[in-house]
Structure formats: C-alpha cells, structure tokens
Amino acid sequence: MSTAYPPILQSSHLLGIQGLSVGEITKLLDLAEEYVALGRAKDKKVAVLKGRTVINLFFEPSTRTQSSFELAGKRLGADVMNMSVKTSSVTKGETLIDTATTLNAMRPDILIVRHQNSGAVSMLARKVNCCVVNAGDGSHEHPTQALLDALTIRRRGKSFQGLTVAICGDVLHSRVARSNIYLLGKMGARVRLIGPKTLMPAEVTRYGVETFTDMKEGLQGADIVMMLRLQLERMSGAFVPSTREYFRYWGLDREKLAYANPGALVMHPGPMNRGVEIDSAVADDIEVSLVHEQVEMGVAIRMAVLDALGRGLAAGGRIV
Amino acid sequence: MSKRTIFCNAHLIDPASKLDTKGGLVVEDGKIADVGAGMFADIDRNAPDVIDCHGLVLSPGLIDMRVSTGEPGSEHRETLESASRAALAGGITTIIVMPNTDPVIDEPSLVDFIRRRAEVTAKVHVLPMAALTRHLAGEVMTEIGLLKEAGAVAFTDGDRTISNTRVLRRALSYASSFDALVVGHAEDPNLTEGTAVNECEYAMRLGLPAAPALAETMIVERDIRLVEMTGARYHFGQISCRASLEAIAKAKAHGLPITCGVSAHHLALNELDVGTYYTFMKVKPPLRSESDRLSMVEGVASGIIDVIVSSHDPQAADTKRQPFAQAAFGAAGLETLLPVALGLYHDGSADLRHILKRMTSTPAKLLGLDCGVLKKGAPADLVLIDTDRPFVVEPDLLRSRSKNTPFKGRLFQGQAMKTFVGGECVFDRGAPR
C-alpha cells in the first residue's frame, strides 16, 4: 500500500460499469489475475489494506456477494464489518441517508452497498466521504459481477473482440444483465439477449444488441451463454405463466445448448434455480459450466476493486 | 370615504376582453371601478394612491387550478398560509386546492373548514375542490350538491384515476345534474402501479420501473366516451403526452364539454431531466419525451390546452430524500408557474395574452368565478409583471415550506413584481427597476 503503485480508477467509487473506461476495466482484470494466484497460494493474505475499515452494508439479503466481499477485504488485511438490514435501524424508519451519514461518522474507508432500489447506492455515495462500491442496486447495475464474468471469460483464453455472448432470461429486472451489456459492449463483444418479451425492457434494442424470443435461434453462433436468475415471484403468472413453461422455452438444457457454437461455455451469476432456467445436467457439467470458476473469480475481482480504491485513498485523493 | 387606488402607465392585458394596450385602471372598495386604454395618461405619478406601473404588464391575478397544500394533515409540508405567500410571490391571487389531504375533503363541513381557515390565515383566495368519491376510494360518490353549496368549486379524486367505470359513469351523470365541474386524472392504475418514470431508453438504463405514456391516453379516451354519454362538464387536470392531446382535440371538435390543463413542469422538462435519480423530477404523471413536451407547448399555442397549472405539490426531505422508486411524487411550483409560462412567450410559442388567458379568464370561466378579468365590477385581483426580469431559482429563497422545486438553478425571464388582492398590495418584490 504505497503510492508507488499506479492508480487504476479515476473515481473514488465503483458505482457501475457505465462510468469505467476500457483501460480501467483491463487494469482491474490484470490486477485480479494476481489475486487469483494469491488465492491459490498457501498464505492467502496480504497487507495492502492493513488498518483500513471496510463496511459491508447490505439492505437486500445476499450470501454469496456479501461473503465474497468479506473474504476479499480480509485477504487484503482490512477490518471488515458486516451490516445487514435486519440488525440496522432502517426497519425502525430511519432513512437511507440517515443510515449512511451515521456509518460515515464511524470513518470507514470503503463502504460496500447493496440496495433493492436503483440509484440508492449512488445517492448514498454523494452523502459520505469514503469510497463506495456498488454491490448491486435494484435493476440498475452490479459492476463486480460483470467484472468477474469478464475475468472468467478472459482466463478461458477468449478474446472479447468478436466474441458472441448470449444473455438469457429476465433482462428486465436484471442488474447483472445491464452491467454485462455495458462491459461486453465496451470490450468489443457482440451481445445477444434472449427471453420472453415480458422480461425484456420496452426499449431494449437501444442497447445496440440483438434480441431473440426463440432461444435456439438466439444461441446459434454463441460462444458464451450467460443465464440469468429468474426470481420465483415472477414465475407464477405475472411475467411468465409457470416454471414448467419457462423451462420448456427458455431453460438451458443440453438440447438447446447444442445450438450454440461447439465448445460454448455456460455461466450463471447464482444462485441457480435448477429446472427453471438451467438443467442440472448442464449446470454440473464441468466441461461447459463455469459457475464455480465465477465464484473464485468473484473474490479475486473484489480484491482488485478494493485494492484499486485503497490505492486512491493512499494517494490522498479526494473522494469524488 | 371609500378607498381609491389608481394604476397608471400600465401595459394592460385582459385576455377576456382581448385588451392589450397602454392604459390605466382604478380600484374602488376592492373592485375595479374602471379600466381602459389611455386612462390617467397625464396624472401626477407621484401623487398618493397612484401606482406608477412603469409600463409593466398589469394583468388579472393568476388562478392556479391545481394546488396541493399540507393543510389539514401535513402542515410540516405546507400550510394554507405558506402556500398563500408562495402564490402571491408567483403572481397568483386564487388557488384551487386539492381534496387529497388528511382528512380527505369529502364532507361539506371540511369544505367549510378550508374556506374559514384560509380566510383567517391566507391572503390569497383559497377555493377548495371536493372529492368526487368518498375517501378518494373510487367507490361511492360524495354529496356533490351539498359540497357545491358549501363552496366546493369542482370535484376530483386528486391524482387518482377512478378505475371502476360504473362508479365514474354514475358520478359524472350525477354531477351533470348540478352542472358541477369534474376534474379527472388520467393514469391507468394497473399500468402505472409501482412505476416511477416514463417508459423510455433512459429509464431502462437507470433500471427504474416505468409506465408507458399510453397509460394516460387510454384513460383519456375512456373518459371522453363517458362524457359523451353523460354530458358532464369534464376537465383533465393535467395531460402530458401527444396522443392524449390529439384525443382531446378530437373530442373538442365534436363539441364535447371537455377541457384540459398542463402543468408547468410538463411544459419545461422532459424524461431526461431525471438525471442521476433526481427525485425532485419525480412527478405524476411522469415527465415524458421531448416530443411529448413539445406537443404540450403546441397544445397551449393552439388553444387545445385550456389551462396552465403549477401542480404545486410540496414534499419535505423525509419523503423526497429517498431512493428514487421510494420517493414521493410531486414538485413545488407556485413561484415558477408564471416564469415557466412566460418562457413560452419569450421563445415565440404563443403571445402573452394567449398565455395569460390560460391562467386567468379560462379557469375563472370553468369554475364560475367572477375574477380573472379586468372589468368594471370585478374584484381587483391584479398582478404587475415584469416580463423581462431575469432570475435564478434558488430553493432556499422560495416561500413555500417545502423546497422541492425541479427548477433549482434554472434561469428564468419574467416575474411578478407586485400582487394585489381586492385592491390591496399583498406582495411587493420591492426590487428597484
């Protein structure tokens, strides 16, 4: 943790992929590679964030993302505190901003925030003077997920230029889809979106992507198939009539996967609904499924993000 | 001895009589005693009881047909008194207040309460609208006859659309028996439930729940059919998109007793102004596309849009400093209504008399009021407007108790300089010419 390290991020927050340049993304991925190696070593701990306080502030329940950030912070030597909504005073009527300013007064260095409302994390970032990482806000963005997906793809020796990625499922509500659309687009990949029209935003073509309602058609020529999680409450008639109908047309099984390019790989942000959006035969096939690798890359990319923000703090940069 | 005030050297604009000329006006006992071109041209401008207008526009005081206050129930947001001060600074002399307070204004005694309370605390005329259905529940109609007798000037369920067509049909039929004006809100409740913004590319990128503009037009078309059937006098409180305007134009061409209004923010802002989740831009109906905004300006210019309103809806920090989807709807607007409307004059969209008509004689006529005109015998509710005066909107300087203006930092041209109610000067900006 010295200023000898070159800075990586322009901003002192990571609020979304939209604000990142190709250079910033590439540097984060490069740094994450180092942390993948560290994670596989016997001594997994470094001291780059020694003395720093990191707070995990999760207004929406999450096991994976929260523990991934927690581990990332701890491996970098930071003190990590977890705050979940049930133990906070938000349920007592305190506003989000009150919570933020209260935590801010405890002088954390990095605040990792997940919230169910789009824009809530950037609103919070304007009210505190520490670094803020968006760990998912509503249907807006989930930048570390897109970064870890990119790292996973890159480590499989794929170049983003000319790569065809099919994103399938509930695009309408998905922050993962949005962040991936931005990131893959910036890196030169071709993005396709597949799903029923009820799960697509009305203006979806404005993303500059191809859209398909027929999964077999959409998967043709795809190198990567990214499946999105379908929230259970959206499957009982509101957006799709039933889970079995959804699985029939948009669930990924071996038959549909055969339409993609030979050697196509399957990704899923987790947790998976087996038999709804993905068949176990595909999900558990280590030849094609990258889901476990994604989890490993998740810790590495979050270490890279925290390290990058920590370097900004060490350089004495203002919170902007 | 009766009190007499003379206004000289004024640019008189009276939309009702199409007066647009240099002249003067005299007030006696709170009423306009005489008005006309060339009057008092040679009078001593420094004499007592003479007000030199310095060539500024003297217009009937504005009537704002859509104002929410927090009284009763949410006085921390706005009282009739604070709304009154804001209105007068905005050149408004009559505010029509919405019934969606706590309690809802659905009883004759509550109409009476608003009127009496305003008489004591407010200098502006406060005229209440009453609920069209009890508790605004959209189920049972209110006592339209008794409420009207108590002083309700129109009937509305505020920003709620009555989804039960049978209830609305009967309410419209019944209201027409009393020649009562019904003010409707057009937003399909099912399509808009849980949404925060207009459905557009930008909403998709922000990840905000959105409803399409046709949620409004569908209800506009439905209500037009019911008006055709019942013959009720019907006013769409505020419309916001091109398709609604076209539907209303068609209905008017058929001679139906339909009118409509537009809010100042729908004339001046579009869906992109939501910016980085700026909750002061969260209004109902939502800000629409630029094409829709332009259609609203065209609608004012063509006269299809009858009324311009502030849609003043004061919200405090606790309801606005929230994540966008959770924040309350509403924008404070009393002090920016006139400046926004004058913008249409400055950019050449419409002439001044045409614009002022939509905030004076037209609402007066719709509501059956004797104000809104420069006419012998009319109440001397007047506003002196400097149409050129530039200013920047500074929320902290607004008189409203809530500072949720969507126009923070915006530069406007034109402001009310002095406002008179019943001939008495109740607001004076006091700034030197």
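Residues numbered from 1 in each chain as written. Chains lettered and ligands numbered in written order. Predicted model: local features only at pLDDT ≥ 70, side-chain atom pairs only at ≥ 80, totals over all residues. Heavy atoms only, no water.

Help me understand helix 8 (residues 242-253) of chain B in this model?
Every α-helix winds through 3.6 residues per turn, so residues three or four apart in the chain are directed the same way. Residue and element names in this part refer to chain B. Taking 1.5 Å of rise per residue, 12 residues should cover 16 Å, and helix 8 covers 16 Å from first to last C-alpha, within 8% of that figure. All of the buried residues in helix 8 are S244, L245, A247, I248 and A251. For helix 8, the angular spread of the buried residues around the axis is 165°, confining them to a single face. Among the exposed residues of helix 8, those oriented more than 90 degrees off its buried face are K250 and A253. Where helix 8 is buried, its residues touch helix 7 (214-230), strand 13 (233-236), strand 14 (258-263) and helix 10 (290-302). G255 occupies a position one or two residues after helix 8 and carries a positive phi of about 80°. (Helix = DSSP H or I, 4+ residues; strand = E, 2+ residues; numbered from the N terminus. Expected span 1.5 Å × (residues − 1). Buried < 20%, exposed > 50% of the residue type's maximum accessible area, 1.4 Å probe, protein only. Arc of directions from axis to C-beta. Contact = heavy atoms within 4.5 Å.)

I would appreciate a short explanation of the sheet that holds strand 5 (residues 164-168) of chain A in the present structure.
Paired through backbone hydrogen bonds, the strands of a sheet run either parallel or antiparallel to each other. Residues and elements named next belong to chain A. In space, the 5 strands of this open sheet follow the order 7-6-5-8-9, with parallel pairing throughout. Each edge of the open sheet is held by one strand with a lone partner, namely strand 7 (210-212) and strand 9 (265-267). Put simply, the sheet's adjacent strands are angled 20° from each other on average, direction ignored. In this structure, strand 8 (residues 224-227) lies alongside strand 9, joined through 3 bridges in parallel fashion. Looking across to strand 9, one finds that V225 is bridged to V266. (Pairing = 2+ DSSP bridges. Axes fitted to C-alpha atoms, helices over the stretch in contact; angles between N-to-C directions.)

What is the right way to look at the confidence of the model for chain B in this model?
When pLDDT is low, close inspection of the predicted coordinates is not appropriate. Across chain B, the average pLDDT comes to 96, with 99% of residues at or above 70. Here the predicted complex carries an ipTM of 0.86, next to a pTM of 0.91. (pLDDT = per-residue confidence, 0-100.)

Where do I start with the nonpolar core in this structure?
Grouped together as the largest cluster of nonpolar side chains are 97 residues, with contacts concentrated most on B:I95 and B:F236. With near-sequence residues (within four places) excluded, B:I95 lies in contact with B:D64, B:V67, B:A83, B:A87, B:V124, B:H125, B:V126, B:L127 and B:L334. By size, the runner-up hydrophobic cluster in this structure holds 69 residues, among which are A:V133, A:V204, A:Y207 and A:V305. (Core = buried A, V, L, I, M, F, W, Y, C linked by side-chain atoms within 4.5 Å.)

What am I meant to see in the pattern of salt bridges here?
Side-chain pairs of opposite charge can arise whenever the charged atoms involved come near each other. On inspection of all chains with the given rule, the structure shows 30 salt bridges over all chains. Among the salt bridges present, the one from A:R190 reaches A:E210, with a minimum N-O distance of 3.8 Å. With A:R190 in strand 6 (residues 190-194) and A:E210 in strand 7, this residue pair connects regions lying 20 residues apart in the sequence. A relative accessible area of 45% places A:R190 in the partly exposed class. Across the pair B:K284 and B:E187 runs a salt bridge, and its minimum N-O distance is 3.4 Å. Taken together, the residues span a long stretch of sequence, with B:K284 in the loop between helix 9 (264-268) and helix 10 and B:E187 in the loop between strand 10 (181-184) and helix 5 (189-192) at a distance of 97 residues. Each of A:D30, A:E33, A:R154 and A:R155 takes part in one network of salt bridges that share partners. (Salt bridge = Lys/Arg side-chain N within 4 Å of Asp/Glu carboxyl O.)

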